[in-house]
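Structural description and commentary
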Amino acid sequence: MAAAALPGVAQAETAHDEQGWLNLTAMGPISGDVVYFAELQPRMGDGISRLDQLLLRGAVGVKLSPSVTLYQGYAHVVTPVDGGRDFNEERSFQQLNLALGRPFGGELSSRTRLEQRWRSNGSDMGWRLREMIRYEHPLKDGSDAVNALVYAEGFVAFNDTDWGARAGFDQLRSFVGAEVGLPGASTLELGYLNQTIDQTLGRTRMNHVASVTLFYRH
């Protein structure tokens, strides 16, 4: 009986890793209501000992109102493979940013992103929806020099692919930390990010991430 139970126990195990993610993002107007953002994100894994993933992402958008911005973007993601060829992923995405108001003296916002994904180790296109809710609150009344910051982002895949995506819940990212004001409108975000990934068959991967994000706004 014990031997028969072992496979089920193994499938239900959660693999943990300590990681460090750096996000460098530039953003601002192009002309009138046309805006852009461009990101460089190296992510270190295996106990922050090697490059786990490199992400390059950019988008052009239109401010439909002071609280609504719609983007079309593209991302290139490189996943190194020890002793083999890197996996490359290409993504087209549509993104909607909404400012949802100022409850309890803070700022509430959302980001909805629909992705079309292709991987170098398959031929299918995967569809994935990402929804983020973000809230920040000043630590000192009348000053936004340092804000407490929390957000959560859920990922749902719409279809199976020949390169490994499975329809349904994909992952959840949860962040707690601080936003620090820099000269101009730029900010630095520092904190802990928990990334919980469904790897199917009852297996889960949980990454504990030291996250640093620099937003250069001009």
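This section reports on the structure supplied with the text. Remember, predicted model here, so these are calculated numbers, not experimental data.

Another aspect to go through is the sheet that holds strand β5 (residues 87-101). Ordered in space as β1-β2-β3-β4-β5-β6-β7-β8-β9-β10-β11, the eleven strands form a closed barrel in which the pairing is mixed. Across the sheet, the mean angle from the axis of one strand to that of its neighbour is 20 degrees, orientation sign disregarded. Sheet topology note: the strand β1 (residues 14-31)/strand β11 (residues 204-217) ladder contains 14 bridges and is parallel. Residue D17 lies in a different strand from β11, and its bridge partner there is N207.

Enumeration over the complete set of coordinates arrives at 17 salt bridges. Note that R91 is salt-bridged to E89, the shortest N-O span being 2.5 Å. Residue class for E89 comes out buried when judged on its relative accessible area of 4%. Several salt bridges share partner residues, and in doing so they unite E89, R91, R111, E115, R117, R119, R128, R130, E153 and D170 into one network.

Further remarks concern a nonpolar patch on the surface. Taken together, the side chains of L22, L24, L40, L56, L182, L190, V212 and L214 make up a nonpolar region of the molecular surface, amounting to roughly 540 Å² of accessible area. Elements with a minimum of two residues in the nonpolar patch: β1 and β11. Counting through the fold element by element, L214 comes out in strand β11.

Cut-offs used in this document
Residues numbered from 1 in each chain as written. Predicted model: local features only at pLDDT ≥ 70, side-chain atom pairs only at ≥ 80, totals over all residues. Heavy atoms only, no water. Pairing = 2+ DSSP bridges. Helix = DSSP H or I, 4+ residues; strand = E, 2+ residues; numbered from the N terminus. Axes fitted to C-alpha atoms, helices over the stretch in contact; angles between N-to-C directions. Salt bridge = Lys/Arg side-chain N within 4 Å of Asp/Glu carboxyl O. Buried < 20%, exposed > 50% of the residue type's maximum accessible area, 1.4 Å probe, protein only. Patch = residues over 30% accessible without salt bridge, like charges linked within 9 Å, V, L, I, M, F, W, Y side chains within 5 Å. Areas by Shrake-Rupley, 256 points an atom, 1.4 Å probe, with all protein chains shown as cover.

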